[in-house]
Amino acid sequence: MGPLAPAGPGQSPGLPLRGEAFGGMVGEDGGEAGMQGLRFDAVELPRAAAEARARVRAFLRAERAAGHYAAHRNSWNSFDPAFSRRAGAAGFIGITWPSAYGGAEQSSLVRFVVTAEMLAAGAPCGAHWIADRQSGPQILRHGGERVKREILPRIAAGECFFAIGMSEPDSGSDLAAVRTRAVRDDAEWVINGAKIWTSNAHRAHYLIALTRTGEAGPDRHGGLTEFIIDLARPGVSVRPIHNLSGGHEFNEVVFQDYRVPDDMRVGAVGEGWRMVTSELAFERSGPDRFLSDYRLLVELIERLRGQDDPRSAEALGRLVAHLAALLRMSTAVAGLLDRGENPAVEAALVKDVGTQFEREIPEIARLLVSCEPSLEEDDRFAETLAHVTLHAPSFTLRGGTREILRGMIARGLGLR
Amino acid sequence: METQEISRILLDQADRLFAQHLTREARAAAETGAWPENLWQAVAAAGLPLAMVPETAGGAGLAPGDALRLVRRSGFHALPLPLAETMLGNALWVATGEKPLAQPVSFSATPPTGLRGAGDNAILDGDAGAVPWGDVAWLLVVAEDAAGGRHLALVAPPEAALPQRRNLAFEPRPKRHLAGVRPVALRPAPRLAAPGLRPLGAILRAQQMVGAMERALDYALLYANERQQFGRPIGKFQAVQHMLASAAGQFAAATAAADQALEAWGGADVEFAAALAKARVGEAAGKIAEIVHQVHGAMGFTQEHPLHFLTRRLWSWRDECGNEAEWQRVIGARVMQAGGEALWPMLAGA
């Protein structure tokens, strides 16, 4: 009897037991459906994480003392190769990788702590961010030996930067529709097509491109393969696309008979969809999904510091309560990734909740501190507010739109 | 056996016990305001009111985190009893060196009441506010004497019936006035009660809300997959999927906030942990209640469907022991005093 069946004479169903109601429900993504299936278990950070936290804080203090960066600027979208080289030399890139490839062989919880500290301190980590977060780990797990030996140590040294080659002009959220084609030619592949919204393609060394190498099949997920593209080689051109604030971060990347050796392939031929989805769990759950505009929150608190204003206290208290919960959720997903699991739904939840939080900060800040934001403003609050307001739309688009994520979450919850 | 496993077994037992006894008739009877003696006896026989009492004092000796997970399960089942209150009451009372109390115990979440006189002549002064099951339960209040010393006062149930007053879930919440009331016993306030009882109560309500949300969302998912309109389950519609995905995000954040509070129980800064939990969980409660009702349509607005046992509790509990705004101000005031750069170490660790 379902929970909606009215209680007839002599029947007293009460509330159905969880087991009765939800025993057989399994989500498409494999996890147990329903709220109980969500895994956000407490994670105890290893001692090495506390040590790393102290080291990275000391490093960042020294960076700021030397005048190397201004903390109120954008963090993981600030492209600063010199900072990345110093961070690499200090051992803060490729933390989880084997030492043979330049890594520090630490747990991904250590990496989680280091990256969160970088963002909280407003460090300009944009140059190495993609390579460290997803391209490097992807190459490490699925790349060939020559590529691993040549590329990973340079990433870890903060000297080699990556872009992401997933979206195409006609294939944004619908990633399975990619049309960039790679055709085999002996020991090489020949690529033709175009990628778009490719952040930093004009200043990165490589990108990993998702290409079509075969038939999509009935589930549309077949026939895709990933390749590492050397942006310095002939056959690939980069055209700037300026964003609404006039900034140049993303690009269109066009391939015309671009030839890539087979050993630059990442993962097996036809396995591209699986590559991309596992990569996205790393991309979606990290601290960059709720700390993008953390420095605006810091500047806001500084502006309200010492005031005795209940309205400001309420608004700030709400944001801090949200942030505390997000930090815990994101840490929990880092723990799952550390155990080798693929928490796709949990990662999507972190990104959905986290980016909503990011979008709220400027909207709340502007009502608590009366000012007219401007990029050409000496006042740090007004300048930061201007920068964040102009970039906020991207928070809930990049890495999978909010709507795509919610569809994924719904399927993971067992909605069929 | 691992502690985790013992805790798992106990929680499963409690689940079965609640499910077995919480018939529709039992729920309906409890909502009239009548004391559900049979239900209480079953829960007491399982030792649940003594869950937080150490084994040496005759209790189950659960770690606070596990005991608070039990409180969460009581919310999941919409248990119409002062179980959370009695667990807290016994933990506090035993911490003063006394034996656990055999009867249901409740607490006052108001600021400490006044205390005139000393020893056997001590008389309370003030108001306990709306007391959960205040007409049948023994009452613990923190009382402050003229010198600022804090005591835990045990007050007997009222001799005459109090005017009926229920919360939105029709749980008894009569108002109790304490002016001139002589406590049955007075003990120095234990360390657990140092921040007062309001933050502790806020943590209990946060746990209960997370439990109630979980079940309300389980109902909504079930309904969305079963209910057919336009020839397909309503869960196939993106509008419905997005509402539920958004609710799942609220639930995940609420769970995280409630989890940090149960880890902080008994620690140095329970007040801050309570504030983070009650502020975040309370906000999620309102949003989730709205969404689960929207998904259930008119069916969820009926007495027939059990959804209201959960949502009416969410609407009550989010306001009990301090609403979101109150606890947000506690957090905000602290952050505004410490400054922007102090926030990160406050959350991530020094």
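Residues numbered from 1 in each chain as written. Chains lettered and ligands numbered in written order. Predicted model: local features only at pLDDT ≥ 70, side-chain atom pairs only at ≥ 80, totals over all residues. Heavy atoms only, no water.

Caption draft 1: The overall build of chain A, seen in detail. When its secondary structure is counted, chain A shows twelve helices and eight strands. Relative to the compact-globule value of 22 Å for 416 residues, chain A shows a C-alpha radius of gyration of 23 Å, a close match. For chain A, the spread of C-alpha atoms along the principal axes amounts to about 75 × 60 × 45 Å. Counting across all 416 residues of chain A, residues that qualify as buried make up 56%. Across chain A, contacts joining residues at least 24 apart in sequence account for 74% of those joining residues at least 6 apart. In the form shown here, chain A has an accessible surface area of approximately 16400 Å², with 50% of it arising from carbon and sulfur atoms. Separation of charge centres in chain A, based on 48 positive and 54 negative side chains, amounts to 2 Å. (Helix = DSSP H or I, 4+ residues; strand = E, 2+ residues; numbered from the N terminus. Rg over C-alpha atoms; globule rule 2.2 N^0.38 Å. Buried < 20%, exposed > 50% of the residue type's maximum accessible area, 1.4 Å probe, protein only. Contact = heavy atoms within 4.5 Å. Areas by Shrake-Rupley, 256 points an atom, 1.4 Å probe, with all protein chains shown as cover. Lys, Arg positive; Asp, Glu negative; His and termini not counted. Charge placed at Lys NZ, Arg CZ, Asp CG, Glu CD.)

Caption draft 2: Broad picture of helix α8 (residues 294-304) of chain A. In terms of burial, α8 of chain A is a largely internal element, nine of the eleven residues being buried. Among all positions of α8 of chain A, only Tyr-294, Arg-295, Leu-296, Leu-297, Val-298, Glu-299, Leu-300, Ile-301 and Leu-304 of chain A are buried. The elements touched by buried residues of α8 of chain A are α4 (108-120), α9 (310-338), α10 (344-368) and α11 (380-395) of chain A together with α10 (324-338) and α11 (340-348) of chain B. At the C-terminal side of α8 of chain A, Gly-306 of chain A shows a positive phi close to 80°.

Caption draft 3: Summary view of the interface of chain B and chain A. Listed by partner, the interface residues are 67 residues for chain B and 65 residues for chain A. Summing both partners gives a buried area of about 5600 Å² for chain B against chain A, and 66% of it is carried by carbon and sulfur. At the boundary of chain B and chain A, one finds four salt bridges. Between Glu-263 of chain B and Arg-328 of chain A there is a salt bridge, and its shortest N-O distance comes to 2.6 Å. Taken together, the connections running from chain B to chain A amount to 16 residue pairs in polar contact (both at pLDDT 80 or more). Mapped by element, the contributors of at least two residues to the side of chain B that touches chain A are α1 (3-21), α2 (24-31), α4 (64-76), α6 (198-226), α7 (238-264), α8 (270-296), α10 and α11 of chain B. A class-by-class count of the residues in the side of chain B that touches chain A yields 33 nonpolar, 16 polar and 18 charged. (Buried area = accessible area lost by both parts, 1.4 Å probe. Salt bridge = Lys/Arg side-chain N within 4 Å of Asp/Glu carboxyl O. Polar contact = N/O pair within 3.5 Å; in protein donor to acceptor, adjacent residues only side chain to side chain. Nonpolar A, V, L, I, M, F, W, Y, C, P; charged D, E, K, R; others polar.)

Caption draft 4: Local environment of the pattern of salt bridges. Applying the stated criterion to the full structure yields 49 salt bridges over all chains. A salt bridge links Glu-150 of chain A to Arg-146 of chain A, with the shortest nitrogen-to-oxygen separation between them at 3.1 Å. In this pair, Glu-150 of chain A and Arg-146 of chain A both sit in helix α6 (residues 145-156), four residues apart, roughly one turn of the helix. Since its relative accessible area comes to 42%, Glu-150 of chain A is described here as partly exposed. With a closest N to O distance of 2.8 Å, Arg-312 of chain B and Glu-31 of chain B form a salt bridge.

Caption draft 5: Up close: a nonpolar patch on the surface. Residue and element names in this part refer to chain A. Nonpolar side chains collect at one region of the surface, where Leu-244, Leu-375 and Leu-390 lie side by side and expose about 260 Å² of accessible area between them. Within the element layout of this structure, Leu-244 appears in the loop between β6 (236-242) and β7 (248-261). Classification of Leu-244 as exposed rests on a relative accessible area of 63%. (Patch = residues over 30% accessible without salt bridge, like charges linked within 9 Å, V, L, I, M, F, W, Y side chains within 5 Å.)

Caption draft 6: Structural context of the domain arrangement of chain B. Residue and element names in this part refer to chain B. Segmenting chain B into domains produces domain 1 (3-193) and domain 2 (198-348). On a C-alpha basis, the centroid separation for the pair domain 1 and domain 2 is 23 Å. Counting from both sides, the interface comprises 33 residues of domain 1 and, opposite them, 33 residues of domain 2. Ranking the residues of domain 1 by area buried against domain 2 places Leu-68, Arg-72 and Phe-76 at the top, with a combined share of 24%. Viewed at the interface, domain 2 and domain 1 are joined by six salt bridges. The interface formed by domain 1 and domain 2 includes 16 residue pairs in polar contact (both at pLDDT 80 or more). When contributions to the side of domain 1 that touches domain 2 are tallied by element, the ones reaching two or more residues are α2, α4 and α5 (83-95). Examining the composition of the side of domain 1 that touches domain 2, we find that ten residues originate from one element, α4, more than from any other. Residues belonging to the side of domain 1 that touches domain 2 are distributed by class as follows: 18 nonpolar, five polar and ten charged. (Domains from an automatic or database assignment.)

Caption draft 7: Molecular detail of helix α7 (residues 272-285) of chain A. All names here are of chain A. End to end, α7 covers 21 Å across 14 residues, agreeing with the expected 20 Å (1.5 Å per residue, within 8%). For α7, the tally of buried residues reaches ten of 14 residues, placing the bulk of the element in the interior. Three or more residues of α7 are buried, namely Gly-272, Met-275, Val-276, Ser-278, Glu-279, Leu-280, Ala-281, Glu-283, Arg-284 and Ser-285. (Expected span 1.5 Å × (residues − 1).)

Caption draft 8: A look at the nonpolar core. Counting residues in hydrophobic clusters, the biggest one holds 217 residues, and the most contacted among them are Met-118, Phe-162, Ile-228 and Leu-297 of chain A together with Met-213 and Leu-244 of chain B. What Ile-228 of chain A contacts, discounting residues up to four positions off in sequence, is Ile-139, Val-147, Ile-151, Phe-162, Tyr-206, Leu-207, Ile-208, Val-260, Met-264 and Val-266 of chain A. By size, the runner-up hydrophobic cluster in this structure holds twelve residues, among which are Leu-124, Ala-128, Val-141 and Leu-178 of chain B. (Core = buried A, V, L, I, M, F, W, Y, C linked by side-chain atoms within 4.5 Å.)

Caption draft 9: Spotlight on the confidence of the model for chain A. Looking at chain A, pLDDT values average 89 and 92% of them are 70 or higher. Predicted confidence for residues 1-32 of chain A stays below pLDDT 50, and this span has 65 contacts to residues more than four positions away or in other chains. (pLDDT = per-residue confidence, 0-100.)

Caption draft 10: View of empty space enclosed by the protein. Residue and element names in this part refer to chain B. Applying the stated criterion across every chain, the model contains eight cavities of 30 Å³ or more. The wall of the largest cavity is formed by 14 residues, among which Ala-30, Pro-80, Trp-133, Phe-170 and Pro-172 lie closest to the centre. The biggest single contributor to the lining of the largest cavity is α2, with three residues. Across the lining of the largest cavity, the residue classes break down as nine nonpolar, one polar and four charged. (1 Å grid on protein atoms, 1.4 Å probe; cavity = no way out; pocket = protein on both sides within 12 Å on 5 of 7 lines; lining within 4 Å. Points joined across faces, edges and corners; volume = space filled by probe spheres on them.)

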